[in-house]
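Here is what each chain is made of, one letter per residue.
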Amino acid sequence: MTAGGPLVLIEPYAHRLGGHHQHALTALATARTGSVVITPYGVAGDLAPLRAAGARVPAGPAGLASAVLLAAARWAGAASAAGQRAFASRRWPDVMRRAPHQVTLLARCLTEAACLRTARRLAPDPAAVVVLSASEALHGAAALLGGLPHLRFLHEAVTAEGMVVRLLGRLTRHGEARVRALYPTAAVRDQFAPAFPRLAGEVRPFAVNDGNPLTDQERDGARAAFTIPPGEPVVSLVGGWWPYKDIDVINAALARLTSPLHLVVTGHPIDETVLEGWRTLPQVRLHTVPGPVSEQVLRIVYGAADAALVARRPGVGKESGLVMDAVRRGVPLIVSDHDPALTARLAGQGWARLFPAGDADALAKVLGGLAADPPPRPGPDAAQAVGLRTAAEQAAFLTDVYTRLLAKES
């Protein structure tokens, strides 16, 4: 059994700006003309890049089964949101506070199943079917309800399964034979393995390289946009301030600076109280761009920077979209050594400055040395160093894995 039709790309989070799922979706659709792009809640921003790539983007669910599943997913999502608001206070028992998040897992499963039903109707002989941002649970249930074998990128396990979700998973476990999991890093694979020992999968970086680095003209224009004089050091801090990001060490390092530094910040969510504190620091020249932002605005933020700063807490092993984004845009990096695998890839690369995770003094020293010794820009071999493939290579890989999945199933 072989697959010879269009590449089917399912992105449940396409309606949200921010993150690198938007870029991967567009790049893959561009690499494979005629792809079917299924975005159950719409696409944030302009559809023009997908249309220009020749992608087919259905306006809604195809078929009754898909419509019913998506309606159920919307209802479950609304119930989860209401529950999270109702049980937000810590005075509630943990079991009550966690219950809405279990409903979220069910809603995500139903959404994926609805998308798979749409894919089944629109692309009966797909080259590959891929859920680009898949739920961390109910893998077999999604395959059974969706009626279609598929690949699913599992980025991280945020919500632990409760008793009811775990039971549903066990009842539908035989559906996992119709699924291949793709883990962006080995650490993420190891995180999932104990809970899903029968789920077959392999490690594959998610981010893709579109071969579109920043130009000198873009860099000059970006600095002008922020009114930053030539020669003054600039660092970008991109992305939401999630718990795994070490904003505390950045805060402490900025307070230790002894020479001026421009800091360009964008993302969502961000702690405005911390930003106000940075504005008062004598050596920090703060520039903020309210987020989330589009790809075009991100290019301006990165274009202004001598280096992109990535600081995470020790032990965080999920793929860093910021590292990948900086490399594909040709922006040097300042990175904490939070992940041994990533550290091994970056060690010895002149365009990457490493500092011990959690060490504010070391970070302050790196930041303070930018003016006298700015790192070189990543060259053509930088993408290979971090495992960043082209969109065409990624599309070919997905097709190969899907073909093997169908062959095993038949």
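Scroll up for the structure.
Calculation criteria
- Residues numbered from 1 in each chain as written.
- Predicted model: local features only at pLDDT ≥ 70, side-chain atom pairs only at ≥ 80, totals over all residues.
- Heavy atoms only, no water.
- 1 Å grid on protein atoms, 1.4 Å probe; cavity = no way out; pocket = protein on both sides within 12 Å on 5 of 7 lines; lining within 4 Å.
- Points joined across faces, edges and corners; volume = space filled by probe spheres on them.
- Helix = DSSP H or I, 4+ residues; strand = E, 2+ residues; numbered from the N terminus.
- Nonpolar A, V, L, I, M, F, W, Y, C, P; charged D, E, K, R; others polar.
- Phe/Tyr/Trp six-rings, centres within 6.5 Å; stacked < 30°, edge-to-face > 60°.
- Lys NZ or Arg CZ within 6 Å of the ring centre and 35° of its normal.
- Salt bridge = Lys/Arg side-chain N within 4 Å of Asp/Glu carboxyl O.
- Disulfide = S-S within 2.5 Å.
- Buried < 20%, exposed > 50% of the residue type's maximum accessible area, 1.4 Å probe, protein only.

1. Overview of empty space enclosed by the protein
Applying the stated criterion across every chain yields a total of 1 cavity of 30 Å³ or more. Forming the walls of the largest cavity are 13 residues, and the residues nearest its centre are Leu237, Val238, Lys245, Ala311 and Leu322. Looking at the lining of the largest cavity, the elements with two or more residues in it are β8 (234-238), α9 (247-255) and β11 (307-310). In the lining of the largest cavity, the residues fall into 9 nonpolar, 2 polar and 2 charged.

2. A few points about the packing of aromatic side chains
Tallied over the full model, the rule gives 5 aromatic pairs. Centre to centre, the rings of Phe87 and Trp92 are 5.0 Å apart; their planes meet at 85°, and the pair counts as edge-to-face. Grouped by ring-pair contacts, the aromatic residues Tyr183, Phe192 and Phe196 constitute a single cluster. The ring of Phe397 is capped by Arg204, whose NZ or CZ atom sits 4.0 Å from the centre of that ring.

3. A short note on the pattern of salt bridges
Counting across every chain of the model gives 19 salt bridges. With a closest N to O distance of 3.6 Å, Arg328 and Glu295 form a salt bridge. Taken together, the residues span a long stretch of sequence, with Arg328 in helix α12 (residues 321-329) and Glu295 in helix α11 (residues 295-303) at a distance of 33 residues. A cluster of three or more residues bridged by salt bridges with shared partners is formed by Asp210, Glu295, Asp325, Arg328 and Arg329.

4. Digging into the state of the cysteines
In total, this model carries 0 disulfides according to the counting rule given. Not part of a disulfide, Cys109 finds its nearest cysteine sulfur in Cys115, a span of 11 Å. The exposure class of Cys109 is buried, given its relative accessible area of 2%.

5. Observations concerning unusual backbone geometry
Residue Pro269 is bonded to the preceding His268 through a cis peptide linkage, with omega at 0°. Relative to the elements of secondary structure, Pro269 occurs in the loop between β9 (261-267) and α10 (272-279). In the Ramachandran plot, Leu138 falls in the positive-phi region, its phi being about 55° despite a non-glycine side chain. Relative to the assigned elements, Leu138 resides in the loop between β3 (128-131) and α5 (139-146). Positive phi outside glycine occurs at Thr227, with the angle close to 50°. As for its placement among the helices and strands, Thr227 is situated in the loop between α8 (216-225) and β8.

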